[in-house]
Amino acid sequence: MNRLWITALLLLFFLQGCSNNRGVPEAPPEPEPLAPPVGTVRLQTASSTALPLDVGITVFDQGLDNRQQSGRVFPTVRKAESLLIPVTLSTFLEDSGAWGAVRVVHSSDVFMPMLIEGEILRADGEVLELQLRARGADGSLFLDKIYRDEAGDSDYPVAAGKEPFGDIYRAISNDLLVVASALNEGRRQTLQRLALMRFAAGLSPATFDRFVGRTDEGNYSLVSFPADGDPMLLRLSRVRRQDDLFIDAVDEQYTDLRGDVEDSYALWREYNYQLQRFGDDYRSTASERKSSARRGSYAAMQQVYASYRKVKIQEEDLREIVKGFSGESLETVLEVDDGVFRLSGSVQDRYSQWRQILTRINALETGGQLPPSR
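Everything quoted here is computed from the prediction, not taken from an experiment. (Residues numbered from 1 in each chain as written. Predicted model: local features only at pLDDT ≥ 70, side-chain atom pairs only at ≥ 80, totals over all residues. Heavy atoms only, no water.)

(A) The arrangement of the packing of aromatic side chains in detail. The tally for this structure, following the rule as stated, stands at four aromatic pairs. Between Phe92 and Tyr169, the aromatic rings sit 5.3 Å apart at their centres with planes inclined by 15 degrees, giving stacked as the arrangement. With Phe92 in helix H2 (residues 75–96) and Tyr169 in helix H3 (residues 166–181), this pair connects stretches of sequence that are 77 residues apart. The exposure class of Tyr169 is buried, given its relative accessible area of 3%. Judged by centre distance (6.3 Å) and plane angle (5 degrees), the rings of Tyr265 and Trp268 are stacked. Of the two residues, Tyr265 and Trp268 both sit in helix H6 (residues 231–289), three residues apart, roughly one turn of that helix. The class for Tyr265 is buried, based on a relative accessible area of 9%. When the ring centre of Tyr220 is taken as reference, the NZ or CZ atom of Arg198 above it lies at 3.7 Å. One cation-aromatic arrangement involves Arg240 over Phe199; the distance from NZ or CZ to the ring centre is 4.9 Å. (Phe/Tyr/Trp six-rings, centres within 6.5 Å; stacked < 30°, edge-to-face > 60°. Helix = DSSP H or I, 4+ residues; strand = E, 2+ residues; numbered from the N terminus. Buried < 20%, exposed > 50% of the residue type's maximum accessible area, 1.4 Å probe, protein only. Lys NZ or Arg CZ within 6 Å of the ring centre and 35° of its normal.)

(B) Summary view of the sheet that holds strand S4 (residues 127–136). Spatially, S2-S1-S3-S4-S5 is the arrangement adopted by the five strands of the open sheet, whose pairing is mixed. Each having just a single partner strand, strand S2 (99–105) and strand S5 (141–150) make up the two edges of the open sheet. Along the sheet, successive strands turn relative to each other by an average axial angle of 20 degrees, direction set aside. Where S4 lies against S5, nine bridges are found, and the strand directions are antiparallel. Each bridged residue has a counterpart across the sheet, and for Glu129 the counterpart in S5 is Arg148. Along the sheet, H2 makes contact with strand S1 (53–58), S2, strand S3 (114–123) and S4, crossing S2 at roughly 175 degrees. Contacting S2, S3, S4 and S5, H3 crosses the sheet at an angle of about 160 degrees to S5. (Pairing = 2+ DSSP bridges. Axes fitted to C-alpha atoms, helices over the stretch in contact; angles between N-to-C directions. Contact = heavy atoms within 4.5 Å.)

In structure tokens form, the structure reads like this:
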């Protein structure tokens, strides 16, 4: 893009502003912070040898309907972040050594001993603000907290292997470590078993509903559990491992996608951070002058060009993210007992197909009936 072309473009924007009798477009107001910044955080690691819980992290709610959002939300980017943030969080949880298998799952339909759900309240390269909830397989709420982290000049450009908002992930991991440390061996075992029985009840309600109860508060309880060595439990454990094949395959695809788009995403965050800084400086200068920049002034033209550049970043630098998220229609190929199953469609559709396959396998092996269609 040469200088003459840029000047012509800015002049066009300027003339349009004059014809519409509008001044310099104001930057969107900053949303009020819902939590203080986490500050500098060091990752805590587990020292206990207690039974580690498996944990699932759902794809986050994009939070596009949240009133706290500023006007700087790009739906395409936010869709990517709803997956990239959980995948990043999973790496910090694994590094803490406090958990068993850590998987990113497509929804809460996947039964896990511990399930983490999140909503993105703000993510714009300068601030990351998240609402986190962690629940056990019994439905009990272990954690419900808002986290906020702020990037600084030293975080950009993003160095290889670094995360500008690493402190927020370490803070979340540390809080979850406290939750895990408070669970005794018996509670951990109950959560593991309850997750298995809720999974089984979905496959064969007639057989397994009796193992799962409901409390007055609406939570789940473990009524009983098959004895060790029970053929029914052995078959169920095998089917559960087959279900884990799908979950692991999707988790791996999510991780691969993060690797494919992380350079584009890092570039977007850096540019967006700079644009936030420009907006802050501009507002500060305008406040000191007690008036906005005069239409046609250098500051006004610079602001218009900054807005234009931001749009071009979305269209060009984030094209890889758009392309990467066509991965929703990726095919998942799974091999079970010498049979190959090819699943297609969205992740939700693929998992629904897989559960139907497992339900039929279980019914054939046990001579049971298929559950009614939902």
